[in-house]
Amino acid sequence: MEGKKINRNGNLYTFIYATVLVVLVATLLALCATGLKPRQQQNIEAEAKQQILNTIGIQTTADEAQAAFERYVGERYAVSRSGAVNQQADAFYLNLKSELAKSEHEQQLPVFQATMPDGQRKYIVPVRGNGLWGEIWGYVALNDDLSTIYGIVFDHESETPGLGAEITAPAFCKQFEGKTIFEGAQLTSVAVVKGGAHPDDPHAVDAISGGTITSNGVQDMLQRSLERYSAYFSSIREQQARAAMAADTLAAADSLLQPAIEPGAMSNQH
Amino acid sequence: MSEAKGKQSWFGAAHRKLLAEPIGIKNPVTVLVLGICSALAVTAKLQPAVVMAVSVTAVTAVSNLVLSLLRRTIPNRIRIIVQLIIVAALVTVVSEVLKAFAYDVSKQLSVFVGLIITNCIIMGRIEAFALGNGPWASFIDGIGNGLGYGMILVIVAFFRELLGSGTLWGYRVIPEGLYAANGGFYENNGLVIMPPMALIFVGAIIWIQRKRNKNLMEE
């Protein structure tokens, strides 16, 4: 092909050349993407497990994540918006993004229950929302009062490095520890306050300078995501409150009855 | 864009020169001042810098090779677009491979892998060399330029990680005990982690190189 037989600058040649090239390149890329998909999926799953474990303060490598996840995060189920528990679903394989695309009464929301080495129980729920450039997401671990945040991790698709992307920094996530998402029976979530939150405020943390829109995104994400679980959280909280009240009444009754019964009981035993 | 004349052995003097020149007196970063952007962005730690260097070397070499093979068929009017498609495809392959086999590093490099497409070194070498030379010479030229770029990245990242974090490749080099927080006297230099300091390091390398090589001195 010396360029004399074929006019390399002709429209037809250019058009055919471009078409063939694009089809070839597209095929190559499609093959490459399909071939590597399973391995990439594995990496993404291992990372999600690491993040969930991070919320309860357990650091693992990607290789160990699987075993650690099975050990600590034993119970995984789904709840509906109205708080009904579905034990059949495995929370880890529920795709929150596609669940949220469904109508409200069909949504299955993932819940993870972790048992800490000291026997304490933590509830971990995923959260998802939008930052400045793309999606942001994370996991929130709550103590068994379902209000106090034990740990939190965030991740993002494409926030600005050094600004919005700082939501993943431990310094930002640490602020949430010990904050509460309920005030009495009312869900308050945690606000991300520009200009700094009052250190004693149990429902607010500092925003990131230069990352205002991402910070607001985090606040909205928490508010909206936790609201979806509020029926479930409230039902457990009410149960706990009833159980505590019953225990109190029993104790009170005990202490009232104690002096009266005791001598009798003693004499009966004799 | 003159074609190399005559038959040459695969590793003859001319080819060795193609490999050695970009590492030394024709270095793409310090002499041609190309690819500075990514040199600032990915050099805070050694590991991402090395991965970036390998990725860029692979893309420059393979894109030079492919475009050299195609050089007599490419319609002149869509020359740049054809180059861009080939480079973009290769970069996408690199990015997918990193996601599958070096997930952590690919997250650290984030957008910078995709931005290899816009790295001036690659388009520069295709335009200036691959379109006028044979495939093997072009491949060698790509490797040489990739290594020249990578070498600067690694030197800068070495000093930035050592001085800024006290580690190398993630392993602690400066003992914990020396730090002020543990009762010692040492403190990491936070400034070195900032991108502007990479520019100063690159500047220092350019200075040293020009000081030692009379040919590079400007009047």
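Read on for a plain summary of the structure. Please read these numbers as outputs of a predicted model, since none were measured by experiment.

How each quantity is defined
- Residues numbered from 1 in each chain as written.
- Chains lettered and ligands numbered in written order.
- Predicted model: local features only at pLDDT ≥ 70, side-chain atom pairs only at ≥ 80, totals over all residues.
- Heavy atoms only, no water.
- Salt bridge = Lys/Arg side-chain N within 4 Å of Asp/Glu carboxyl O.
- Buried < 20%, exposed > 50% of the residue type's maximum accessible area, 1.4 Å probe, protein only.
- Helix = DSSP H or I, 4+ residues; strand = E, 2+ residues; numbered from the N terminus.
- Pairing = 2+ DSSP bridges.
- Contact = heavy atoms within 4.5 Å.
- Axes fitted to C-alpha atoms, helices over the stretch in contact; angles between N-to-C directions.
- Core = buried A, V, L, I, M, F, W, Y, C linked by side-chain atoms within 4.5 Å.
- Parallel < 35°, antiparallel > 145°, perpendicular 65-115°, else oblique.
- Nonpolar A, V, L, I, M, F, W, Y, C, P; charged D, E, K, R; others polar.
- Buried area = accessible area lost by both parts, 1.4 Å probe.
- Polar contact = N/O pair within 3.5 Å; in protein donor to acceptor, adjacent residues only side chain to side chain.

Quick word on the pattern of salt bridges
Pairing is possible between side chains that carry opposite charge, provided their charged atoms lie close to one another. Taken as a whole and assessed by the stated rule, the structure comprises 13 salt bridges over all chains. We note a salt bridge from E99(A) to K102(A), for which the minimum N-O separation is 3.1 Å. Exposure remark for E99(A): the relative accessible area of 6% places this residue in the buried category. Among the salt bridges present, the one from R79(B) reaches E127(B), with a minimum N-O distance of 2.8 Å. Highlighted residues: R79(B) in helix 4 (residues 79–101) and E127(B) in helix 7 (residues 120–128), separated in sequence by 48 residues. By relative accessible area, E127(B) is classed as partly exposed at 23%. In this structure, a network of salt bridges that share partners links the residues E47(A), D155(A) and K107(B).

Examining the sheet that holds strand 3 (residues 109–115) of chain A
Through backbone hydrogen bonds, the strands of a sheet pair up, either in parallel or in antiparallel fashion. Residue and element names in this part refer to chain A. The strand order 2-1-3-4-5-6 describes an open sheet built from six strands, whose pairing is antiparallel. The open sheet is flanked by strand 2 (85–86) and strand 6 (149–156), the only strands paired with a single partner. As paired elements, strand 4 (residues 121–130) and strand 5 (residues 135–142) share eight bridges and run antiparallel to each other. Looking at strand 5, one finds that P126 is bridged to Y139. Along the sheet, helix 1 (residues 11–55) contacts strand 3, strand 4, strand 5 and strand 6; its crossing angle with strand 6, the most-contacted strand, is approximately 150°.

Thoughts on the environment of F172(A)
Its place among the elements puts F172(A) in helix 4 (residues 170–174). On a C-alpha basis, the gap between F172(A) and F154(A) in space is 9.4 Å, while along the polypeptide they are 18 residues apart.

Thoughts on the nonpolar core
Within the largest apolar cluster, 43 residues are counted, with the highest numbers of intra-cluster contacts made by M52(B), V59(B), V82(B), L109(B) and I116(B). Of all elements in the fold, only helix 1 of chain A together with helix 2 (36–41), helix 3 (46–70), helix 4, helix 5 (103–109), helix 7, helix 8 (135–165) and helix 10 (195–212) of chain B reach the threshold of two or more residues within this core. Considering each element in turn, this core owes the most residues, eight residues, to helix 4 of chain B. If you look at the next biggest cluster of nonpolar residues, it comprises 34 residues, including L142(A), I149(A), F154(A) and F172(A).

Considering the packing of helix 1 (residues 13–20) of chain B against helix 8 of chain B
All names here are of chain B. Packing of helix 1 against helix 8 brings their axes to within 7 Å, and their N-to-C directions diverge by 30°. One finds that helix 1 runs roughly parallel with respect to helix 8. Between helix 1 and helix 8, the contacting residues are H15, L18 and L19 on the first element and W136, A137, I140, D141, I143 and G144 on the second. Looking at the contact of helix 1 with helix 8 residue by residue, the classes come out as six nonpolar, two polar and one charged.

Concerning the interface of chain B and chain A
Opposite the 22 residues of chain B that make contact, chain A presents 23 residues. For the pair chain B and chain A, the two sides together bury roughly 2100 Å², of which 63% comes from carbon and sulfur. Joining chain B to chain A, the criterion identifies two salt bridges. Taking the shortest distance from any N to any O, the salt bridge between K107(B) and E47(A) comes out at 2.9 Å. Summed over the shared surface of chain B and chain A, the number is twelve residue pairs in polar contact (both at pLDDT 80 or more). For the side of chain B that touches chain A, the secondary-structure elements that each account for two or more residues are helix 4 and helix 5 of chain B. If you tally residues by element for the side of chain B that touches chain A, the top one is helix 4 of chain B, at eleven residues.

Here's the deal with unusual backbone geometry
Notably, S189(A) is not glycine yet its phi reads approximately 55°, a positive angle. Look at S189(A) and you get buried, because its relative accessible area is 1%. Residue W169(B) is not a glycine yet carries a positive backbone phi of 55°. As for its position among the elements, W169(B) is in the loop between strand 1 (167–168) and strand 2 (171–172).

The values reported here are purely geometric and, on their own, carry no functional implication.
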